[in-house]
Amino acid sequence: MAGAVQALHFGAALLPAGWARDVRVALADGLVASVQAGVAAESGDERHGALIPGLPNLHSHAFQRAMAGLAEVRGAGDDSFWTWRELMYRFLDRLTPDDVGAIAAMAQVEMLESGFTRVGEFHYLHHAADGRPYRHAAEMAGAILHAAAETGIGLTLLPVFYAHSGFGGQAPTAGQRRFLHDLDGFQRLLVRLDELAARLPDVVVGVAPHSLRAVTPAELAALESLARGRPIHIHIAEQVKEVEDCLRWSGRRPVEWLLGETDVGPSWCLVHATHMTEAETLALARSGAVAGLCPITEANLGDGLFPAEAFLEAGGRFGFGSDSNVRIDMTEELRLLEYGQRLLHRGRNRLARGAGHSTGADLFAGALAGGAQALGVAAGLEVGLPFDAVSLNIGHPSLAERAPEALLDGLIFAAGRGGIDCVWRRGRKQVAGGRHVRRDEVVARYRATLSGLLA
Ligand code: NGQ
Ligand code: ZN
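Residues numbered from 1 in each chain as written. Chains lettered and ligands numbered in written order. Predicted model: local features only at pLDDT ≥ 70, side-chain atom pairs only at ≥ 80, totals over all residues. Heavy atoms only, no water.

Draft legend 1. Structural view of the environment of Glu 121. The topology assignment puts Glu 121 in strand S6 (residues 116-123). Judged by relative accessible area, which is 4%, Glu 121 ranks as buried. Between the C-alpha atom of Glu 121 and that of Val 160, which follows or precedes it by 39 residues, the distance is 9.6 Å. In this structure, Glu 121 is in contact with Ser 60, His 61, Ala 62, Ile 144, Leu 155, Thr 156, Leu 157 and Leu 158, ignoring residues within four places of it in sequence. (Helix = DSSP H or I, 4+ residues; strand = E, 2+ residues; numbered from the N terminus. Buried < 20%, exposed > 50% of the residue type's maximum accessible area, 1.4 Å probe, protein only. Contact = heavy atoms within 4.5 Å.)

Right under this line is the structure:
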């Protein structure tokens, strides 16, 4: 609605400078037009208790939502990341663009309901089941964009370049045939995605070399120059075997190799970066790149624990991703990162930045800044930015009667997603009372898709 002005009033709101009381926010065309603190509500204002910014979800493979909980049966040998990947490859083998669209819409509804207002979709399922390109290069990516238009989530699309099955340019396997491009084909896809992206507000298109396993150094260099300031995302050092293979190939560890051979800086997001030496941890922190952490998936796949304490101590930037989407829960990602460190170091409040700091508030602030950086946008409740925000259910037993400064700890460590009430994305209320406004139709289509896939 062009020109429509709308105003909301909050008992408290988390602004860039910290919590403020009695905050009135006016919106115009989905953007924040003004923010006033210490003012009363005016008649006609929509009123809520407490407001926080929506968080970016910096790493997702939407289609994997449909296999959530289906890979938890023990196999004949030792189950691992690599046996899970076999199951995942078999699962994706049958997906059509319509299937992917229905699954992505379901995942995005759950993301919004959990407090994520933008997703970085690390998209590599490009081609038909036999590996042949669709008539339109962006057929699959188009399904993701279409889902985002339907659910309203902000989208940073990260088309993935994938060409090899292992370090040193090994030939891809049959299970990878739907992912593959040469550099010319990838460049054509990127041009097409830029055109499609212009049809939806504030879509960002980045570039994603899948991993050091899937690209050669020459391909990586070409992708780096193709990116030109776009976000660049790469999976790295998630599994010990990957570190060993990289050492055998290059004499260096994955993060060490990447930092040495490319120009890693603030436009980069290194997804996982689980296995790093202390020197790599410090060097990554100094690079200004974002570490893309996916604690739920990393636990589910048995990856290991990210050296969060040392990385944050060195000023490292980080954000969160729901990755495999086995569970989609913003608060749980933050909680699990902190709990991993508590179990490892046998202490409490490991990731708060100093005495008197709230662990939840520090994690949230870091994830907001790092997530936005990684997805190529600005975030926070500021004039001129999209109103991407979450109101809290302050009647929840774990949030009731709290001072605003205690709300994020209550939300993250106690209430979880039950503490989330409404979610706005670009000024539109997409979630009310914890439910997405299109949940029923999205679930119905998702179930129809699953009934075909699981038959
Ligand atoms: C992916 N997912 O691309 O979906 C990967 C697994 C791989 C995670 N690493 C495949 N969580 O890394 O080769
Ligand atoms: Zn991933």
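From this point, things continue past the structure.
Draft legend 2. Expanded view of the coordination of the zinc ion (ligand 2). Bound to the zinc ion (ligand 2) are the protein donor atoms His 59 (NE2), His 61 (NE2) and His 235 (NE2), situated 2.0 to 2.1 Å from the metal. Mapped onto the sequence, the residues coordinating the zinc ion (ligand 2) show the spacing H-x1-H-x173-H. Residue His 59 is found in strand S5 (residues 55-60), and its partner His 235 is found in strand S10 (residues 232-236); the two are separated by 176 residues along the sequence. The exposure classification of His 59 matches that of His 235, with both residues buried. (Donors = N, O, S within 2.8 Å, 3.2 Å for Na, K, Ca; no water.)

Draft legend 3. Molecular detail of helix H12 (residues 359-375). Relative to the 24 Å expected for 17 residues at 1.5 Å per residue, H12 spans 24 Å between its end C-alpha atoms, a close match to the ideal helical length. Most of H12 is tucked away, with 13 of its 17 residues classed as buried. Structurally, the start of H12 carries an N-cap: the backbone nitrogen of Gly 360 is 3.4 Å from a side-chain oxygen of Ser 358. Downstream of H12 by a residue or two, Gly 376 has a phi angle that is positive, lying close to 75 degrees. (Expected span 1.5 Å × (residues − 1). Polar contact = N/O pair within 3.5 Å; in protein donor to acceptor, adjacent residues only side chain to side chain.)

Draft legend 4. How the structure looks around the site of ligand 1. If you check the shell around ligand 1, you find 14 residues, and the closest are Arg 85, Tyr 124, His 210, Arg 213 and Glu 238. Take His 61: an N or O atom from its side chain is 3.5 Å from an oxygen atom of ligand 1. Placement of ligand 1 is best described as lying within the largest cavity. Here the shell around ligand 1 gets 4 residues from one element, more than from any other, and that element is helix H1 (residues 81-92). In terms of residue class, the shell around ligand 1 is made up of 5 nonpolar, 5 polar and 4 charged. (Near = heavy atom within 4 Å. 1 Å grid on protein atoms, 1.4 Å probe; cavity = no way out; pocket = protein on both sides within 12 Å on 5 of 7 lines; lining within 4 Å. Sits in = over half its atoms within 2 Å of the grid points. Nonpolar A, V, L, I, M, F, W, Y, C, P; charged D, E, K, R; others polar.)

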